[in-house]
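In case you want the letters, here they are:
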Amino acid sequence: METKSRSSLALFPVLGLVAILAGAAKAPAATPCMDVLHLFTAADVPAFAPSEIAVPERGTNGITRSDLPGKGLAQHPMLYVGENCNTMFLVKEGKVIWTYATGVGPEYDDVWMLSNGNILYSRMTYVAMITPDKKVVWRYDCNLSKDEKKTEIHACQPIGLDKVMFVENGLPPKLKVINIKTGAVEVDREIPIEAGTGVHGQFRRARVTAQGTYLISYLVGNRVVEYDKDFKEIWKYEINQPWAAIRLKNGNTLITNEKDSLSREVNAKGETVWEFNCNTDLPAEYRFASAPQTCTRLANGNTIFTSRGKNGEGPQLIEVTPDKKVVWVLQDWKALGDATAVQILDDPGIPEVPGESGH
């Protein structure tokens, strides 16, 4: 492991982060997504909308275990997606209250509910934003050619209500910020990468931090790199196959190493301050059937890991305390598909303000 210390944190004037934070200070709700959940069950929300594409029945065994820690689907209200299931799920009070189907093919990787109820998600071949009543308000499509022009999108993030950051894997890969109201491309920067790196394995998660820097996970490059607004490298941490990395409110970075089923929290010096190995730290009866790709850090300090399972086997979500006690294991293949990303909706914070969401 090699670490390059963060020597500076450059502000992000292009995105008007100060204005975003000022607006957020006026928000009356600590959990704004909870206040908009009624929009998803309003009378005008169709069960299946014209914007949706039907998907086949999920080919799983439908196993739902009731002998596991926690409250099952009632543990948390959440927005939930999985790479191998082409339906998005919204869960409240132990029930799926809303779904959105996007047709066959890969793959959901990232998802966000904004404080106004809109949902931003990546689907590998595009990134889009929809309303609670399933209208598409914005969409950006990848180049689907099978030559060197091919691109993919696996990471996205709302910046305020009107801007979207995403990483477009390609030759070369790029990080972009687009104003979805005006269509203006406000950031369009090439991401440094080694020659010969294939498009699909380049990047998964990327995040804009509270300081306006870019935190990018090099999946096959085996490192997490932080860049300032001019794309100068200001921090680096080397680790096997980092699927995701998030900057925590305490300034540390939480990284999910898919290869080793490991999530590690490191400080600015690269020192490990917390680590959880899902192969060795979980009791055998709770272990995942496939390695976690992402994790979410809650305001109470707990961490939730996601898993795609294996043909409907094993848990999809597991929550542990800082001292590694398992408090929730979700294995419900009847109600949900596999898990790649989850947003816990009653966790405090305004999602579209960088740094406020630990997912």
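What counts and how
Residues numbered from 1 in each chain as written. Predicted model: local features only at pLDDT ≥ 70, side-chain atom pairs only at ≥ 80, totals over all residues. Heavy atoms only, no water. Pairing = 2+ DSSP bridges. Helix = DSSP H or I, 4+ residues; strand = E, 2+ residues; numbered from the N terminus. Axes fitted to C-alpha atoms, helices over the stretch in contact; angles between N-to-C directions. Core = buried A, V, L, I, M, F, W, Y, C linked by side-chain atoms within 4.5 Å. Buried < 20%, exposed > 50% of the residue type's maximum accessible area, 1.4 Å probe, protein only. Contact = heavy atoms within 4.5 Å. Polar contact = N/O pair within 3.5 Å; in protein donor to acceptor, adjacent residues only side chain to side chain. 1 Å grid on protein atoms, 1.4 Å probe; cavity = no way out; pocket = protein on both sides within 12 Å on 5 of 7 lines; lining within 4 Å. Points joined across faces, edges and corners; volume = space filled by probe spheres on them. Nonpolar A, V, L, I, M, F, W, Y, C, P; charged D, E, K, R; others polar. Phe/Tyr/Trp six-rings, centres within 6.5 Å; stacked < 30°, edge-to-face > 60°. Lys NZ or Arg CZ within 6 Å of the ring centre and 35° of its normal. Disulfide = S-S within 2.5 Å. Salt bridge = Lys/Arg side-chain N within 4 Å of Asp/Glu carboxyl O.

1. What about the sheet that holds strand 10 (residues 163–169)?
If you walk across this open sheet you meet the four strands as 9-10-11-12, and the pairing is antiparallel. The open sheet terminates on both sides in strands that have one partner only, identified here as strand 9 (152–159) and strand 12 (185–190). Strand-to-strand, the axes of this sheet are offset by a mean angle of 15°, without reference to chain direction. Where strand 10 and strand 11 (residues 174–179) come together, six bridges link them in antiparallel fashion.

2. Quick notes on the nonpolar core
Of all hydrophobic cores here, the largest spans 21 residues; its most connected members are Met88, Trp98, Met113, Ile119 and Tyr121. Listed by contribution, the elements that provide at least two residues to this core are strand 2 (78–82), strand 3 (85–92), strand 4 (95–101), strand 5 (110–113), strand 6 (119–122) and strand 7 (126–130). It is strand 7 that provides the largest number of residues to this core, a total of three residues. Apart from the residues lying within four places of it in its own chain, the contact partners of Met113 are Cys33, Val36, Leu37, Phe40, Leu79, Leu90, Asn118, Ile119, Gln343, Leu345 and Pro351. Core analysis: the next-biggest nonpolar cluster, separate from the first, contains 17 residues, Ala155, Ile159, Val187 and Tyr214 among them.

3. Here we look at the side chain of Thr197
Structurally, the position occupied by Thr197 is in the loop between strand 12 and strand 13 (203–208). On the accessibility criterion, Thr197 (15% relative accessible area) is buried. Looking at Thr197, its side chain comes within polar contact range of the main-chain oxygen of Glu194, at 2.9 Å. When residues no more than four places from it in sequence are discounted, the contact partners of Thr197 are Leu171, Gln202 and Val220.

4. Observations concerning the side chain of Thr209
The residue Thr209 is located in the loop between strand 13 and strand 14 (214–218) in this model. We classify Thr209 as buried; its relative accessible area is 2%. At 2.7 Å, the side chain of Thr209 and the side chain of Thr213 are in polar contact.

5. Quick word on empty space enclosed by the protein
By the definition in use, this model includes three cavities of 30 Å³ or more. Estimates place the volume of the largest cavity at around 120 Å³. Looking at the second largest cavity, its volume works out to about 100 Å³. Taken together, 15 residues line the second largest cavity, and the ones lying closest to its centre are Arg207, Val208, Arg247, Gly355 and Ser357. Among the elements of the structure, strand 13 and strand 17 (242–247) are those that each provide at least two residues to the lining of the second largest cavity. Residues of the lining of the second largest cavity, tallied by class, amount to seven nonpolar, five polar and three charged.

6. Some details on the packing of aromatic side chains
Given two aromatic rings, one states the distance between the centres and the angle between the planes to describe the pair. Within this structure, the stated rule accounts for 14 aromatic pairs. For the pair Tyr80 and Phe89, a centre-to-centre distance of 6.1 Å together with 75° between the ring planes defines the contact as edge-to-face. Residue classification places Tyr80 among the buried residues on the basis of a relative accessible area of 0%. Accessibility expressed as a relative area gives 4% for Phe89, which makes it buried. One aromatic cluster is present, built from ring pairs that chain together Phe40, Trp98, Tyr100, Tyr108, Tyr121 and Tyr126. We note Arg297 situated over the ring of Trp274; from NZ or CZ to the ring centre the distance is 5.2 Å.

7. Description of the state of the cysteines
Taken as a whole and judged by the stated rule, the model has zero disulfides. Here Cys33 stays free of any disulfide, with the sulfur of Cys156 as its closest cysteine sulfur at 14 Å. Here Cys156 stays free of any disulfide, with the sulfur of Cys142 as its closest cysteine sulfur at 11 Å. Residue class for Cys156 comes out buried when judged on its relative accessible area of 0%.

8. Let's talk about the pairing of strand 23 (residues 317–320)
Alternating positions in strand 23 separate into two faces, Leu317 and Glu319 on one and Ile318 and Val320 on the other, with burial throughout. Where strand 22 (residues 303–306) lies against strand 23, four bridges are found, and the strand directions are antiparallel. Within strand 23, the residue paired with Ile304 across the bridge is Glu319. Strand direction decides the pairing type here: strand 23 and strand 24 (residues 326–330), joined by four bridges, are antiparallel.

9. Things to note about the pattern of salt bridges
The tally for this structure, following the rule as stated, stands at 19 salt bridges. A salt bridge links Glu152 to Lys150, with the shortest nitrogen-to-oxygen separation between them at 3.4 Å. With relative accessibility at 3%, the residue Glu152 sits in the buried group. Among the residues examined, Lys150 registers a relative accessible area of 32% and is labelled partly exposed. Residues Asp230 and Lys229 are paired through a salt bridge, measuring 3.4 Å at the closest nitrogen-oxygen approach. Taken together, the shared-partner salt bridges connect Glu83, Glu258 and Arg308 into one network.

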